[in-house]
Amino acid sequence: QVQLVESGGGLVQAGGSLRLSCAASGPTFSSYAMGWFRQAPGKEREFVAAISWTGDITYYADSVKGRFTISRDNAKNRVHLQMNSLKPEDTAVYYCAGTRYYRDSPRKIEEYNYWGQGTQVTVSS
């Protein structure tokens, strides 16, 4: 079983950058595909980015493509989300998630079995 802990959230001005990290426990992290989701107040949780277990395939929501970059370091059991050119609409709680395999699409919440507790990102205008 994998336990996930996010860090790196905070308050930043529009146009700024943040780097989120997700630390995973367990010896099998490298066999898990990982994703980032976010949930703004009053809204449903939505897909942000995902990465294959090897790190060579990535997926992004259209709203963050070109601004966010997902990466992973299997030696350190970490997955990262580099967020640049942040906008006020990026404000949300960001969650790290993991799964052994995708049955349908990495963009779907139900694909993921393991979730972190979330980290708050607030972008001021």
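Treat the numbers as computed from the prediction; the structure is a model and nothing was measured.

## With respect to the overall build of the protein chain
No. 1: Scanning the protein chain for helices and strands turns up zero helices and 11 strands.
No. 2: Each helix and strand of the protein chain, ordered N terminal to C terminal, gives the series β-β-β-β-β-β-β-β-β-β-β.
No. 3: Relative to its length of 125 residues, the protein chain is compact, with a C-alpha radius of gyration of 13 Å against a globular reference of 14 Å.
No. 4: Once the C-alpha set of the protein chain is aligned to its principal axes, its extents read approximately 40 × 30 × 25 Å.
No. 5: A buried classification covers 45% of the 125 residues belonging to the protein chain.
No. 6: Contacts in the protein chain between residues far apart in sequence, at least 24 positions, make up 58% of those at least 6 positions apart.
No. 7: Counting only carbon and sulfur atoms, one obtains 47% of the accessible surface of the protein chain, whose full area is about 6,400 Å².
No. 8: For the protein chain, the separation between the mean place of its 14 positive charges and that of its 11 negative charges on side chains is 4 Å.

## Re the side chain of threonine 99
No. 1: By the secondary structure assignment, threonine 99 is in strand S9 (residues 92-99).
No. 2: Threonine 99 gets classed as buried once you look at its relative accessible area, which sits at 1%.
No. 3: In terms of polar contacts, threonine 99 uses its side chain to reach the side chain of asparagine 113, at 3.4 Å.
No. 4: Ignoring sequence-local partners within four residues, the contact set of threonine 99 consists of Ser31, Tyr32, Ala33, Glu111, Tyr112 and Asn113.

## Things to note about the packing of aromatic side chains
No. 1: Counted by the stated rule, this structure contains seven aromatic pairs.
No. 2: Taken together, a centroid distance of 6.5 Å and an interplanar angle of 80 degrees make the contact between tyrosine 59 and tyrosine 102 edge-to-face. With tyrosine 59 in strand S6 (residues 58-60) and tyrosine 102 in the loop between S9 and strand S10 (114-115), this pair connects stretches of sequence that are 43 residues apart.
No. 3: Residue tyrosine 59 is classed as partly exposed on the basis of its relative accessible area of 25%.
No. 4: Between tyrosine 112 and tryptophan 115, the ring centres sit 6.1 Å apart and the planes meet at 65 degrees, which makes this aromatic pair edge-to-face.
No. 5: Residue tryptophan 115 is classed as partly exposed on the basis of its relative accessible area, which comes to 26%.
No. 6: Among the aromatic side chains, those forming a connected cluster through ring pairs are Phe37, Phe47, Tyr59, Tyr102, Tyr112 and Trp115.

## Section: the environment of serine 30
No. 1: Within the fold, serine 30 resides in the loop between strand S3 (18-24) and strand S4 (33-39).
No. 2: A residue is classified by how much of its surface remains accessible, and serine 30, at 31% relative accessible area, is partly exposed.
No. 3: When sequence neighbours within four positions are dropped, the list of residues in contact with serine 30 reads Trp53, Arg72 and Asn74.

## Describing the nonpolar core
No. 1: In terms of nonpolar packing, the biggest core is built from 35 residues, with Met34, Trp36, Val79, Leu81, Met83 and Tyr94 touching the most fellow members.
No. 2: Those elements giving two or more residues to this core turn out to be S3, S4, strand S5 (46-51), strand S7 (68-73), strand S8 (78-83), S9 and strand S11 (119-124).
No. 3: Among the elements that take part in this core, S5 stands out by supplying five residues, more than any other.

Rules behind the numbers
- Residues numbered from 1 in each chain as written.
- Predicted model: local features only at pLDDT ≥ 70, side-chain atom pairs only at ≥ 80, totals over all residues.
- Heavy atoms only, no water.
- Helix = DSSP H or I, 4+ residues; strand = E, 2+ residues; numbered from the N terminus.
- Rg over C-alpha atoms; globule rule 2.2 N^0.38 Å.
- Buried < 20%, exposed > 50% of the residue type's maximum accessible area, 1.4 Å probe, protein only.
- Contact = heavy atoms within 4.5 Å.
- Areas by Shrake-Rupley, 256 points an atom, 1.4 Å probe, with all protein chains shown as cover.
- Lys, Arg positive; Asp, Glu negative; His and termini not counted.
- Charge placed at Lys NZ, Arg CZ, Asp CG, Glu CD.
- Polar contact = N/O pair within 3.5 Å; in protein donor to acceptor, adjacent residues only side chain to side chain.
- Phe/Tyr/Trp six-rings, centres within 6.5 Å; stacked < 30°, edge-to-face > 60°.
- Core = buried A, V, L, I, M, F, W, Y, C linked by side-chain atoms within 4.5 Å.

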